Amino acid sequence: MSFRLTLILPRERARLAAALTRYYSEIAPNLRIDPSERAGQMLHRKDVTAFWIRQEEDRIGFAIVLNLPDDRRELSEFAIDPAYRRLGYGHAAASLIFAEFPGYWRMGISAGSPNAVAFWGTCLSALKGVEQLRDGAPFTDHQVKSYSFYIAGDQND
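To start, this report covers the structure provided alongside it. Please read these numbers as outputs of a predicted model, since none were measured by experiment.

### A look at helix α2 (residues 35-44)
Okay, step 1: Considered for burial, the residues of α2 that qualify are P35, R38, A39, G40, M42 and L43.
Okay, step 2: Where α2 is buried, its residues touch α1 (13-27), β2 (48-55), β3 (58-68) and β4 (72-80).
Okay, step 3: Put simply, D34 is the residue that caps the front of α2, since its side-chain oxygen is 2.9 Å from the backbone nitrogen of S36.

Dropping the structure here:
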């Protein structure tokens, strides 16, 4: 099994826009965001790192990490294709992302995706290196809650 993250390159804007279209229609169908414009913004911002989540050569999801001041990060967007859910890929992707960027994190959880609340509650409490896990108020009107936590830097087995 070859599971990995790869950077999303600016030339892949159309592919990311298509993924964002599916993602936004699921998590916030009434949100008025142009996925193509959003993809362009994300791929050209210096404070964003965008990843494809891959199984073998298939793109099975994506993650957008916003790099905040003072070495803090926000998991801005995260999606696994429905055909690959409940197979451990989301947990594995989260583990890879957080291991790559230890430190303080935050994320908002979409009100339109009840499965996300259950997934992140379970995932974050089970991930190695997660400390200071806290529930918080949503960041936007489209979210139901937020999480903040710290990822320890040395996660050697």
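Next comes the rest of the write-up.
### Some words on helix α3 (residues 89-100)
Okay, step 1: Helix length check: α3 (12 residues) gives 16 Å between terminal C-alpha atoms against 16 Å at 1.5 Å per residue, within 8%.
Okay, step 2: Residues Y89, G90, A93, A94, I97 and F98 constitute the buried set of α3. Each buried residue of α3 sits inside an arc of 155° when the element is viewed along its axis, so together they form one side.

### Details of the pattern of salt bridges
Okay, step 1: Counted according to the given criterion, the structure contains 8 salt bridges.
Okay, step 2: R73 serves as the salt-bridge partner of D71, at 3.2 Å between the closest nitrogen and oxygen.
Okay, step 3: A relative accessible area of 51% places D71 in the exposed class.
Okay, step 4: Accessibility expressed as a relative area gives 11% for R73, which makes it buried.
Okay, step 5: For D135, the salt bridge identified is with K145, shortest N-O distance 2.9 Å. Of this pair, D135 sits in strand β6 (residues 130-136) while K145 sits in strand β7 (residues 143-151); the two residues are 10 residues apart in sequence, bridging distant segments of the chain.
Okay, step 6: Note on D135: relative accessible area 54%, which makes it exposed.
Okay, step 7: Relative accessible area serves as the criterion here: at 16%, K145 is assigned to the buried category.

### Thoughts on the layout of surface pockets
Okay, step 1: The calculated volume of the largest pocket comes to roughly 930 Å³.
Okay, step 2: Forming the boundary of the largest pocket are 37 residues, of which Y23, F78, S113, A116 and W120 lie nearest the centre.
Okay, step 3: Within the residue set of the lining of the largest pocket, elements represented by two or more residues are α1, β4, α3, β5 (103-110) and α4 (114-126).
Okay, step 4: Top contributing element to the lining of the largest pocket by residue count: β4, with 7 residues.
Okay, step 5: When the residues that make up the lining of the largest pocket are grouped by side-chain class, the tally is 20 nonpolar, 11 polar and 6 charged.
Okay, step 6: The volume enclosed by the second largest pocket comes to roughly 240 Å³.
Okay, step 7: Looking at the lining of the second largest pocket, the elements with two or more residues in it are α1, β3 and β4.
Okay, step 8: Residues of the lining of the second largest pocket, tallied by class, amount to 8 nonpolar, 1 polar and 6 charged.

### Details of the packing of α3 against α4
Okay, step 1: Remark: α3 packs on α4, axes separated minimally by 10 Å, with the N-to-C direction vectors making an angle of 50°. Here α3 lies oblique to α4, going by the angle between them. With respect to the hand of their crossing, α3 and α4 are arranged in right-handed fashion. Taken together, the residues of α4 that come into contact with α3 (itself represented by G90, H91, A94 and F98) are F119, W120, C123, L124 and A126.
Okay, step 2: Grouping the amino acids of the contact of α3 with α4 by side-chain chemistry returns 7 nonpolar, 2 polar and no charged.

Conventions we followed
- As a convention, each chain's residues are numbered from 1 in the sequence order in which they are written.
- Predicted model: local features are reported for residues with pLDDT of at least 70 only, side-chain atom pairs are reported and counted for 80 or more only, and whole-chain, interface and lining totals are derived from all residues.
- Side-chain numbers here rest on the full set of heavy atoms in the structure, without hydrogens or water.
- Think of it in three bands: with a 1.4 Å probe and only protein chains considered, a residue is buried below 20% of the maximum accessible area for its type, exposed above 50%, and partly exposed in between.
- Only DSSP runs of H or I reaching four residues or more are called helices, and only runs of E reaching two or more are called strands; each is numbered from the N terminus.
- A contact between two residues is defined here by any heavy atoms of the two lying within 4.5 Å.
- Within 3.5 Å is the distance limit for a polar contact, defined as a pair of N or O atoms, with the added protein rule that one can donate a hydrogen and the other accept it, and that residues adjacent in sequence qualify only through two side-chain atoms.
- To estimate how far a helix should extend, the number of its residues minus one is multiplied by 1.5 Å.
- The arc refers to the directions leading from the helix axis to the C-beta atoms.
- What counts as a salt bridge is simple: a side-chain nitrogen of Lys or Arg found within 4 Å of a carboxyl oxygen of Asp or Glu.
- Using protein atoms alone on a 1 Å grid, points that fit a 1.4 Å probe yet trap it form a cavity, whereas open point sets bounded by protein on both sides within 12 Å along at least five of seven lines form a pocket; residues with an atom within 4 Å of a point count as lining.
- Grid points are joined across faces, edges and corners, and a volume is the space filled by probe spheres set on the points.
- All amino acids are sorted into three groups, where Ala, Val, Leu, Ile, Met, Phe, Trp, Tyr, Cys and Pro are nonpolar, Asp, Glu, Lys and Arg are charged, and the leftover types, Gly among them, are polar.
- Note on definitions: angles span 0 to 180 degrees between N-to-C directions of axes, and those axes are lines fitted to C-alpha atoms, for helices only across the stretch in contact.
- Orientation categories follow fixed angle ranges, with anything under 35 degrees roughly parallel, anything over 145 roughly antiparallel, 65 to 115 roughly perpendicular, and all other angles oblique.
- Each helix crossing is assigned a hand: it is left-handed if the near helix lies turned anticlockwise from the far helix by less than a right angle, otherwise right-handed if that turn is clockwise.

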